[in-house]
Amino acid sequence: MQKNYLLIGTRKGLVVYKNTTNGWSFQSLHFKGIPVSLSYVDDRTTTWWACLDHGHWGVKLHRSTDLGQNWEEIAAPKYPEGEEIKEGIPASTKYLWAMTHAGNDKPGQLWLGTIPGGLFFSNDNGDSFDHNRSLWDQPSRKEHWFGGGFDHPGIDSIIVDPRDSDHIFVGISCGGVFESTDAGKSWQVRNKGLIASFLPDPHAEFGHDPHMLVACRSNPDYLWQQNHCGIFKSEDGAKTWHDVSQKDGPANFGFAISVNDENPEQAWVIPAVSDEIRVAINESLVVCRTDDGGKSWNEFRTGLPQQNCFDIVYRHGLDTAENYVAFGTTTGNLFLSDDFGESWNCLNNFLPMVHSVTFAHS
Amino acid sequence: MVTVNFTQALKRFYPQLQTLKISARNVSELIVEVEKKYPGIGDYLVDDQKSLRKHVNIFVDGVLIKDRTQLTDTLTSDSEVYIMQALSGG
(Lines give C-alpha, C1' and ligand atoms only; values in the text may rest on other atoms or scores of the structure.)
Protein backbone atom coordinates (compact mmCIF):
# COMPACT_ATOMS: atom_id res chain seq x y z
CA MET A 1 0.00 0.00 0.00
CA GLN A 2 1.45 3.34 -1.00
CA LYS A 3 2.37 5.65 1.81
CA ASN A 4 1.05 9.07 0.93
CA TYR A 5 1.25 10.95 4.21
CA LEU A 6 4.23 12.39 6.02
CA LEU A 7 3.88 13.12 9.71
CA ILE A 8 6.50 15.56 10.98
CA GLY A 9 6.90 15.96 14.72
CA THR A 10 8.35 19.40 15.38
CA ARG A 11 9.20 21.62 18.30
CA LYS A 12 6.01 23.57 17.65
CA GLY A 13 3.48 20.96 16.63
CA LEU A 14 2.70 18.06 14.31
CA VAL A 15 2.85 18.94 10.62
CA VAL A 16 1.23 16.70 8.01
CA TYR A 17 2.15 16.59 4.34
CA LYS A 18 0.14 14.67 1.77
CA ASN A 19 1.07 13.28 -1.62
CA THR A 20 -1.52 14.02 -4.29
CA THR A 21 -1.49 14.17 -8.07
CA ASN A 22 0.18 17.58 -7.68
CA GLY A 23 2.95 16.19 -5.48
CA TRP A 24 3.63 16.51 -1.78
CA SER A 25 2.12 19.53 -0.06
CA PHE A 26 1.33 20.84 3.39
CA GLN A 27 -1.99 19.49 4.59
CA SER A 28 -2.49 20.30 8.25
CA LEU A 29 -1.01 21.39 11.57
CA HIS A 30 -1.91 19.84 14.91
CA PHE A 31 -0.97 20.78 18.50
CA LYS A 32 0.25 24.21 17.43
CA GLY A 33 3.04 25.47 19.64
CA ILE A 34 3.49 22.20 21.54
CA PRO A 35 6.66 20.12 21.10
CA VAL A 36 5.99 16.75 19.47
CA SER A 37 8.77 14.37 20.47
CA LEU A 38 7.60 11.56 18.23
CA SER A 39 4.93 10.69 15.70
CA TYR A 40 4.03 7.06 15.11
CA VAL A 41 1.60 5.30 12.80
CA ASP A 42 0.25 1.87 13.68
CA ASP A 43 0.01 0.40 10.20
CA ARG A 44 -2.32 -2.35 11.43
CA THR A 45 -5.11 0.13 12.05
CA THR A 46 -3.84 3.39 10.50
CA THR A 47 -4.01 4.93 13.96
CA TRP A 48 -1.85 8.02 14.25
CA TRP A 49 -0.04 8.70 17.51
CA ALA A 50 1.51 11.94 18.71
CA CYS A 51 3.80 12.06 21.72
CA LEU A 52 3.79 15.55 23.19
CA ASP A 53 6.29 17.17 25.50
CA HIS A 54 4.63 20.18 27.06
CA GLY A 55 7.17 22.48 28.60
CA HIS A 56 4.92 23.12 31.58
CA TRP A 57 2.40 20.33 31.80
CA GLY A 58 4.40 17.14 31.24
CA VAL A 59 4.33 14.54 28.49
CA LYS A 60 1.03 13.65 26.86
CA LEU A 61 -0.09 10.99 24.44
CA HIS A 62 -2.68 11.53 21.73
CA ARG A 63 -4.17 9.24 19.11
CA SER A 64 -6.28 9.71 16.02
CA THR A 65 -8.23 7.05 14.18
CA ASP A 66 -9.37 9.31 11.34
CA LEU A 67 -6.10 10.52 9.83
CA GLY A 68 -5.77 13.47 12.15
CA GLN A 69 -9.24 14.94 11.86
CA ASN A 70 -9.85 14.30 15.55
CA TRP A 71 -7.42 13.58 18.37
CA GLU A 72 -8.02 11.99 21.73
CA GLU A 73 -5.73 12.53 24.70
CA ILE A 74 -5.03 9.38 26.63
CA ALA A 75 -3.09 8.99 29.85
CA ALA A 76 0.65 8.80 29.27
CA PRO A 77 2.47 5.90 30.92
CA LYS A 78 3.48 6.47 34.51
CA TYR A 79 6.22 5.02 36.64
CA PRO A 80 4.94 3.14 39.68
CA GLU A 81 5.00 4.91 43.02
CA GLY A 82 8.38 4.87 44.70
CA GLU A 83 10.44 3.95 41.61
CA GLU A 84 13.78 5.65 41.27
CA ILE A 85 16.03 6.43 38.31
CA LYS A 86 19.06 6.42 40.59
CA GLU A 87 19.25 6.38 44.35
CA GLY A 88 17.25 9.33 45.57
CA ILE A 89 16.03 10.45 42.14
CA PRO A 90 12.31 9.72 41.69
CA ALA A 91 11.25 8.16 38.39
CA SER A 92 8.74 10.02 36.31
CA THR A 93 8.05 9.94 32.59
CA LYS A 94 10.21 12.71 31.13
CA TYR A 95 9.90 12.03 27.42
CA LEU A 96 8.10 9.63 25.07
CA TRP A 97 10.81 8.47 22.69
CA ALA A 98 9.95 5.19 20.96
CA MET A 99 6.76 3.47 19.95
CA THR A 100 5.80 0.39 17.99
CA HIS A 101 2.98 -2.07 17.75
CA ALA A 102 3.52 -5.47 19.32
CA GLY A 103 3.00 -7.55 16.19
CA ASN A 104 0.34 -8.41 13.67
CA ASP A 105 -0.76 -11.34 15.83
CA LYS A 106 -1.29 -9.08 18.84
CA PRO A 107 -4.01 -6.58 17.91
CA GLY A 108 -4.29 -3.59 20.21
CA GLN A 109 -0.95 -4.26 21.85
CA LEU A 110 1.76 -1.60 21.86
CA TRP A 111 5.24 -0.94 23.21
CA LEU A 112 6.37 2.51 24.27
CA GLY A 113 9.85 3.60 25.33
CA THR A 114 10.60 6.55 27.56
CA ILE A 115 13.20 8.68 29.22
CA PRO A 116 14.26 7.81 31.96
CA GLY A 117 14.69 4.29 30.57
CA GLY A 118 11.39 2.58 31.27
CA LEU A 119 9.59 0.39 28.75
CA PHE A 120 5.80 0.25 28.81
CA PHE A 121 3.30 -2.17 27.30
CA SER A 122 -0.34 -1.63 26.45
CA ASN A 123 -2.86 -4.40 26.01
CA ASP A 124 -5.73 -2.09 25.11
CA ASN A 125 -4.48 0.14 22.32
CA GLY A 126 -3.03 2.70 24.70
CA ASP A 127 -5.93 3.07 27.12
CA SER A 128 -3.54 1.89 29.83
CA PHE A 129 0.14 0.99 30.10
CA ASP A 130 2.05 -1.45 32.26
CA HIS A 131 5.64 -0.86 33.28
CA ASN A 132 7.98 -3.64 32.08
CA ARG A 133 9.58 -4.76 35.34
CA SER A 134 12.13 -7.08 33.86
CA LEU A 135 13.98 -4.45 31.88
CA TRP A 136 13.67 -1.85 34.65
CA ASP A 137 15.08 -4.34 37.15
CA GLN A 138 18.15 -5.11 35.09
CA PRO A 139 21.11 -5.00 37.49
CA SER A 140 22.99 -2.85 34.99
CA ARG A 141 20.41 -0.07 34.94
CA LYS A 142 21.25 2.03 37.98
CA GLU A 143 24.99 1.43 37.68
CA HIS A 144 25.68 1.54 33.96
CA TRP A 145 22.86 3.35 32.19
CA PHE A 146 23.04 7.13 31.91
CA GLY A 147 21.82 10.03 29.87
CA GLY A 148 23.34 11.03 26.57
CA GLY A 149 22.21 14.52 25.63
CA PHE A 150 19.36 14.20 28.12
CA ASP A 151 19.69 14.07 31.89
CA HIS A 152 18.66 10.42 32.08
CA PRO A 153 18.84 7.29 29.91
CA GLY A 154 16.07 6.63 27.43
CA ILE A 155 14.69 3.96 25.14
CA ASP A 156 14.96 5.46 21.67
CA SER A 157 14.26 2.33 19.58
CA ILE A 158 11.98 -0.69 19.85
CA ILE A 159 11.97 -3.46 17.24
CA VAL A 160 9.46 -6.31 17.16
CA ASP A 161 10.53 -9.21 14.97
CA PRO A 162 7.85 -9.62 12.26
CA ARG A 163 8.50 -13.38 12.29
CA ASP A 164 8.00 -13.75 16.04
CA SER A 165 6.34 -11.01 18.05
CA ASP A 166 7.79 -12.34 21.31
CA HIS A 167 11.21 -11.42 19.95
CA ILE A 168 12.02 -7.79 20.75
CA PHE A 169 15.00 -5.48 20.73
CA VAL A 170 15.33 -2.15 22.48
CA GLY A 171 18.02 0.47 22.02
CA ILE A 172 18.89 2.49 25.11
CA SER A 173 20.83 5.72 24.97
CA CYS A 174 22.97 5.18 26.98
CA GLY A 175 22.83 1.54 28.00
CA GLY A 176 23.01 -0.32 24.74
CA VAL A 177 20.97 -2.97 22.99
CA PHE A 178 18.84 -5.49 24.87
CA GLU A 179 16.98 -8.48 23.45
CA SER A 180 13.99 -10.40 24.71
CA THR A 181 12.78 -13.68 23.23
CA ASP A 182 9.83 -14.07 25.60
CA ALA A 183 7.79 -10.93 24.99
CA GLY A 184 9.66 -8.87 27.54
CA LYS A 185 9.67 -11.32 30.44
CA SER A 186 13.47 -11.44 30.39
CA TRP A 187 16.23 -9.49 28.65
CA GLN A 188 19.78 -10.14 27.52
CA VAL A 189 22.37 -7.50 26.70
CA ARG A 190 23.52 -7.43 23.05
CA ASN A 191 26.46 -5.05 22.84
CA LYS A 192 29.19 -7.40 21.67
CA GLY A 193 31.36 -5.67 19.10
CA LEU A 194 30.20 -2.16 19.85
CA ILE A 195 32.69 0.53 20.78
CA ALA A 196 32.08 3.20 23.41
CA SER A 197 35.02 5.54 23.22
CA PHE A 198 33.47 7.73 25.93
CA LEU A 199 33.86 4.95 28.55
CA PRO A 200 37.06 3.97 30.35
CA ASP A 201 36.64 0.54 28.74
CA PRO A 202 35.38 1.06 25.16
CA HIS A 203 34.36 -2.59 25.02
CA ALA A 204 32.37 -2.51 28.24
CA GLU A 205 29.34 -4.77 28.42
CA PHE A 206 26.97 -1.88 29.21
CA GLY A 207 26.71 1.85 28.66
CA HIS A 208 26.81 1.96 24.84
CA ASP A 209 24.95 4.63 22.95
CA PRO A 210 22.84 3.36 20.07
CA HIS A 211 21.36 6.61 18.83
CA MET A 212 18.98 4.66 16.61
CA LEU A 213 18.44 0.94 16.06
CA VAL A 214 16.64 -0.48 13.00
CA ALA A 215 16.08 -3.91 11.48
CA CYS A 216 15.31 -4.96 7.93
CA ARG A 217 11.66 -5.94 7.77
CA SER A 218 12.21 -8.80 5.32
CA ASN A 219 15.34 -10.07 7.07
CA PRO A 220 15.19 -9.00 10.70
CA ASP A 221 18.45 -10.72 11.65
CA TYR A 222 20.06 -7.78 9.86
CA LEU A 223 20.14 -4.94 12.32
CA TRP A 224 21.77 -1.56 11.91
CA GLN A 225 22.52 1.17 14.38
CA GLN A 226 23.75 4.71 14.13
CA ASN A 227 25.77 4.71 17.30
CA HIS A 228 27.47 7.62 19.01
CA CYS A 229 30.75 5.98 18.04
CA GLY A 230 30.00 5.03 14.45
CA ILE A 231 27.72 2.92 12.30
CA PHE A 232 27.35 -0.73 13.25
CA LYS A 233 25.67 -3.68 11.57
CA SER A 234 24.74 -7.14 12.75
CA GLU A 235 23.86 -10.09 10.52
CA ASP A 236 23.11 -12.50 13.35
CA GLY A 237 20.30 -10.89 15.28
CA ALA A 238 22.53 -8.58 17.34
CA LYS A 239 24.66 -11.38 18.74
CA THR A 240 27.67 -9.59 17.26
CA TRP A 241 28.08 -6.08 15.89
CA HIS A 242 30.56 -4.90 13.27
CA ASP A 243 31.76 -1.36 12.68
CA VAL A 244 30.83 -0.36 9.12
CA SER A 245 31.63 3.33 9.46
CA GLN A 246 33.31 5.00 6.54
CA LYS A 247 37.02 5.26 7.32
CA ASP A 248 37.85 8.17 5.05
CA GLY A 249 34.51 9.82 4.55
CA PRO A 250 31.60 11.44 6.30
CA ALA A 251 29.55 8.36 7.27
CA ASN A 252 30.52 8.08 10.93
CA PHE A 253 28.81 10.20 13.54
CA GLY A 254 25.12 10.99 13.33
CA PHE A 255 21.79 10.16 14.85
CA ALA A 256 19.39 8.83 12.22
CA ILE A 257 19.56 5.60 10.23
CA SER A 258 17.12 3.71 8.05
CA VAL A 259 17.31 0.37 6.26
CA ASN A 260 15.47 -0.75 3.16
CA ASP A 261 12.49 -2.97 4.03
CA GLU A 262 13.38 -5.47 1.30
CA ASN A 263 17.16 -5.17 1.02
CA PRO A 264 19.09 -5.64 4.27
CA GLU A 265 22.29 -4.37 2.68
CA GLN A 266 20.91 -0.94 1.81
CA ALA A 267 20.89 1.71 4.53
CA TRP A 268 20.88 5.49 4.83
CA VAL A 269 22.54 7.82 7.33
CA ILE A 270 22.87 11.59 7.54
CA PRO A 271 26.27 12.38 9.04
CA ALA A 272 27.19 15.25 11.32
CA VAL A 273 30.34 16.53 12.94
CA SER A 274 31.10 14.50 16.03
CA ASP A 275 30.41 15.18 18.68
CA GLU A 276 30.68 18.25 20.85
CA ILE A 277 29.95 20.53 17.88
CA ARG A 278 27.06 18.77 16.15
CA VAL A 279 26.71 20.68 12.92
CA ALA A 280 26.65 19.69 9.28
CA ILE A 281 30.01 18.55 7.94
CA ASN A 282 31.82 21.37 6.10
CA GLU A 283 28.62 23.42 6.39
CA SER A 284 26.97 21.23 3.78
CA LEU A 285 24.35 18.54 3.98
CA VAL A 286 24.99 15.02 2.70
CA VAL A 287 23.01 11.80 2.74
CA CYS A 288 25.10 8.63 2.70
CA ARG A 289 23.74 5.34 1.41
CA THR A 290 25.33 1.95 1.34
CA ASP A 291 24.13 -0.70 -1.07
CA ASP A 292 26.58 -3.38 0.01
CA GLY A 293 26.04 -3.77 3.73
CA GLY A 294 28.40 -0.99 4.72
CA LYS A 295 31.44 -2.05 2.71
CA SER A 296 31.17 1.24 0.83
CA TRP A 297 29.14 4.44 1.16
CA ASN A 298 27.81 6.72 -1.57
CA GLU A 299 27.44 10.44 -0.93
CA PHE A 300 24.35 12.17 -2.30
CA ARG A 301 24.18 15.97 -2.31
CA THR A 302 21.96 16.94 -5.26
CA GLY A 303 19.25 19.27 -4.03
CA LEU A 304 20.78 19.62 -0.57
CA PRO A 305 22.40 22.85 0.72
CA GLN A 306 26.16 22.83 0.18
CA GLN A 307 27.15 26.03 1.93
CA ASN A 308 26.28 27.99 5.06
CA CYS A 309 24.38 24.99 6.36
CA PHE A 310 24.15 23.99 10.01
CA ASP A 311 21.47 21.31 9.78
CA ILE A 312 21.73 17.96 11.46
CA VAL A 313 19.06 15.30 11.70
CA TYR A 314 17.82 13.81 14.95
CA ARG A 315 17.40 10.07 15.40
CA HIS A 316 13.73 9.84 14.44
CA GLY A 317 14.01 12.48 11.74
CA LEU A 318 14.59 10.09 8.81
CA ASP A 319 12.18 7.62 7.26
CA THR A 320 11.96 5.57 4.11
CA ALA A 321 9.08 4.01 2.19
CA GLU A 322 9.89 2.10 -0.98
CA ASN A 323 11.59 4.65 -3.28
CA TYR A 324 10.82 7.59 -0.98
CA VAL A 325 13.24 8.91 1.61
CA ALA A 326 12.41 11.92 3.78
CA PHE A 327 14.14 13.77 6.56
CA GLY A 328 13.69 16.89 8.64
CA THR A 329 16.45 18.88 10.28
CA THR A 330 17.25 20.76 13.44
CA THR A 331 16.85 24.07 11.62
CA GLY A 332 13.45 23.23 10.19
CA ASN A 333 14.20 22.09 6.68
CA LEU A 334 12.20 19.19 5.25
CA PHE A 335 13.65 17.21 2.34
CA LEU A 336 12.15 14.46 0.21
CA SER A 337 13.65 12.11 -2.35
CA ASP A 338 11.75 9.82 -4.70
CA ASP A 339 14.84 8.05 -6.02
CA PHE A 340 16.12 6.24 -2.94
CA GLY A 341 17.93 9.31 -1.66
CA GLU A 342 20.01 10.15 -4.72
CA SER A 343 18.45 13.58 -5.34
CA TRP A 344 16.39 15.81 -3.11
CA ASN A 345 13.61 18.37 -3.10
CA CYS A 346 13.08 20.78 -0.25
CA LEU A 347 9.45 20.72 0.86
CA ASN A 348 9.79 23.39 3.53
CA ASN A 349 12.51 25.76 4.75
CA PHE A 350 10.57 27.25 7.60
CA LEU A 351 9.46 24.51 9.93
CA PRO A 352 10.41 24.49 13.60
CA MET A 353 13.13 22.09 14.68
CA VAL A 354 12.16 18.62 13.46
CA HIS A 355 12.12 15.74 15.94
CA SER A 356 10.55 12.97 13.85
CA VAL A 357 9.49 12.09 10.32
CA THR A 358 7.09 9.23 9.63
CA PHE A 359 5.55 7.96 6.39
CA ALA A 360 1.98 6.74 6.63
CA HIS A 361 -0.58 5.26 4.27
CA SER A 362 -4.20 6.32 4.14
CA MET B 1 -13.96 26.95 51.35
CA VAL B 2 -10.68 27.31 49.52
CA THR B 3 -10.79 29.33 46.34
CA VAL B 4 -8.72 27.89 43.45
CA ASN B 5 -7.81 30.07 40.49
CA PHE B 6 -6.18 28.71 37.35
CA THR B 7 -3.84 30.15 34.77
CA GLN B 8 -5.60 30.90 31.50
CA ALA B 9 -3.06 28.63 29.78
CA LEU B 10 -4.86 25.56 31.13
CA LYS B 11 -8.07 26.59 29.40
CA ARG B 12 -6.61 25.34 26.14
CA PHE B 13 -6.89 21.81 27.49
CA TYR B 14 -9.85 22.33 29.82
CA PRO B 15 -12.09 24.90 28.12
CA GLN B 16 -14.70 24.67 30.89
CA LEU B 17 -12.13 25.48 33.56
CA GLN B 18 -13.24 28.12 36.05
CA THR B 19 -12.47 29.24 39.58
CA LEU B 20 -13.41 26.58 42.11
CA LYS B 21 -14.54 26.51 45.71
CA ILE B 22 -13.36 23.31 47.38
CA SER B 23 -12.54 21.82 50.77
CA ALA B 24 -8.89 20.86 51.30
CA ARG B 25 -6.47 21.01 54.22
CA ASN B 26 -3.28 21.09 52.19
CA VAL B 27 -2.07 21.35 48.61
CA SER B 28 -1.99 17.58 48.12
CA GLU B 29 -5.68 17.32 49.00
CA LEU B 30 -6.36 20.33 46.78
CA ILE B 31 -4.90 18.51 43.76
CA VAL B 32 -7.14 15.52 44.50
CA GLU B 33 -10.21 17.72 44.66
CA VAL B 34 -9.32 19.59 41.48
CA GLU B 35 -8.84 16.25 39.70
CA LYS B 36 -12.36 15.22 40.75
CA LYS B 37 -13.78 18.34 39.11
CA TYR B 38 -11.64 18.10 35.99
CA PRO B 39 -10.54 14.49 35.40
CA GLY B 40 -7.01 14.26 34.03
CA ILE B 41 -5.93 17.74 35.05
CA GLY B 42 -3.88 16.34 37.91
CA ASP B 43 -1.40 14.92 35.40
CA TYR B 44 -0.90 18.44 34.08
CA LEU B 45 0.07 19.68 37.53
CA VAL B 46 1.99 16.84 39.21
CA ASP B 47 4.30 14.11 37.93
CA ASP B 48 4.17 10.32 38.31
CA GLN B 49 5.33 10.54 41.93
CA LYS B 50 2.79 13.30 42.73
CA SER B 51 5.41 16.05 42.94
CA LEU B 52 4.62 19.43 41.47
CA ARG B 53 5.86 19.70 37.89
CA LYS B 54 9.00 21.74 37.48
CA HIS B 55 7.36 24.54 35.54
CA VAL B 56 4.14 24.79 37.52
CA ASN B 57 3.82 27.17 40.45
CA ILE B 58 1.19 27.18 43.18
CA PHE B 59 0.66 30.22 45.36
CA VAL B 60 -1.28 30.02 48.64
CA ASP B 61 -2.46 33.40 49.90
CA GLY B 62 0.13 35.08 47.75
CA VAL B 63 3.07 32.90 48.78
CA LEU B 64 4.75 30.29 46.62
CA ILE B 65 4.42 26.86 48.24
CA LYS B 66 7.55 25.51 49.91
CA ASP B 67 7.03 21.75 49.62
CA ARG B 68 6.93 20.88 45.93
CA THR B 69 7.50 17.17 46.58
CA GLN B 70 4.93 16.11 49.16
CA LEU B 71 2.66 19.16 48.73
CA THR B 72 2.18 19.53 52.49
CA ASP B 73 1.73 23.30 52.58
CA THR B 74 -1.40 23.87 54.62
CA LEU B 75 -4.55 25.73 53.64
CA THR B 76 -7.07 27.57 55.75
CA SER B 77 -10.78 27.50 55.11
CA ASP B 78 -10.58 30.84 53.35
CA SER B 79 -7.28 30.39 51.52
CA GLU B 80 -6.97 31.73 48.02
CA VAL B 81 -4.87 29.53 45.72
CA TYR B 82 -3.46 30.36 42.32
CA ILE B 83 -2.21 27.60 40.02
CA MET B 84 0.14 29.23 37.53
CA GLN B 85 2.71 28.29 34.94
CA ALA B 86 6.33 29.29 35.41
CA LEU B 87 7.76 32.02 33.21
CA SER B 88 9.50 29.64 30.86
CA GLY B 89 9.04 28.73 27.24
CA GLY B 90 10.25 29.80 23.86
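Bear in mind that the values here come from a model prediction, so they are computed numbers and not experimental data. Per chain, residues are indexed from 1 in the order of the written sequence. To read the labels, note that chains go from A and ligands from 1, taken in the order they are written. Predicted model: local features are reported for residues with pLDDT of at least 70 only, side-chain atom pairs are reported and counted for 80 or more only, and whole-chain, interface and lining totals are derived from all residues. To get the side-chain values, all heavy atoms of the structure are used, and hydrogens and water are removed first.

Quick word on the environment of D339 of chain A
Using the following cut-off: Here a helix means four or more residues in a row that DSSP labels H or I, a strand means two or more in a row labelled E, and each is numbered from the N terminus.
Structurally, the position occupied by D339 of chain A is in the loop between β28 (334-337) and β29 (345-348). Here the alpha-carbon distance between D339 of chain A and N323 of chain A, two residues 16 residues apart in the chain, equals 5.4 Å.

Here we look at the nonpolar core
Put simply, the rule is: Only buried Ala, Val, Leu, Ile, Met, Phe, Trp, Tyr and Cys residues count toward a nonpolar core, and they belong to the same one when joined by side-chain atoms within 4.5 Å. The rule is simple: take the accessible area with a 1.4 Å probe, protein chains only, and divide by the maximum for that residue type; under 20% is buried, over 50% is exposed, in between is partly exposed. Contact between two residues is taken to exist if any of their heavy atoms lie within 4.5 Å; hydrogens are not considered.
If you look at the biggest cluster of nonpolar residues, it comprises 28 residues, and the most contacted ones within it are V4, F6, L10, L30, I58 and I83 of chain B. Listed by contribution, the elements that provide at least two residues to this core are β1 (2-6), β2 (20-22), α1 (27-37), α2 (42-45), β3 (56-60) and β5 (80-85) of chain B. In terms of residue count, the dominant contributor to this core is α1 of chain B (four residues). Residue contacts for I58 of chain B: discarding those within four places in its chain leaves V27, I31, L52, V63, L64, I65, V81, Y82 and I83 of chain B. In terms of nonpolar packing, the next biggest core, distinct from the first, is built from 18 residues, L38, L96, M99 and F120 of chain A among them.

Quick word on the sheet that holds strand β7 (residues 72-74) of chain A
All names here are of chain A. So the rule is basically this: Here, a strand pair is defined by DSSP locating no fewer than two bridges between the strands. The axes are straight lines fitted to the C-alpha atoms, using for helices just the contacting stretch, and the angles between their N-to-C directions are given from 0 to 180°.
One open sheet accounts for four strands, arranged β4-β5-β6-β7; its pairing is antiparallel. Lying at the two open borders of the sheet, with one neighbouring strand each, are β4 (36-42) and β7. Each strand axis lies, on average, 25 degrees off the axis of its neighbour in the sheet, ignoring direction. Of the strand pairs in this sheet, strand β5 (residues 47-54) and strand β6 (residues 58-64) are connected by seven bridges, and their pairing is antiparallel. By the bridge assignment, W49 is partnered in β6 with R63.

Focus on the interface of chain B and chain A
Worth spelling out the cut-off: Using a 1.4 Å probe, buried area is obtained as the accessible area two parts lose upon being combined, added over both of them. Should a side-chain nitrogen of Lys or Arg be within 4 Å of a carboxyl oxygen of Asp or Glu, the pair is scored as a salt bridge. Here a polar contact means two N or O atoms within 3.5 Å. Within protein one must be a hydrogen donor candidate and the other an acceptor candidate, and residues neighboring in sequence count only if both atoms are side-chain atoms. Amino acids are sorted into nonpolar (Ala, Val, Leu, Ile, Met, Phe, Trp, Tyr, Cys and Pro), charged (Asp, Glu, Lys and Arg) and polar (every other residue, Gly among them).
The interface is formed by 19 residues belonging to chain B together with 23 residues belonging to chain A. Of the roughly 1600 Å² buried where chain B meets chain A, counting both sides, 46% is carbon and sulfur surface. Considering only the surface of chain B that becomes buried against chain A, Y44, D48 and Q49 of chain B emerge as the three largest contributors, covering 39% of it. Where chain B packs against chain A, one counts one salt bridge. Among the ionic pairs, D43 of chain B bridges to K78 of chain A, the shortest N-O distance being 2.7 Å. Applying the counting rule to chain B against chain A returns 13 residue pairs in polar contact (both at pLDDT 80 or more). Looking at the side of chain B that touches chain A, its residues break down into seven nonpolar, six polar and six charged.

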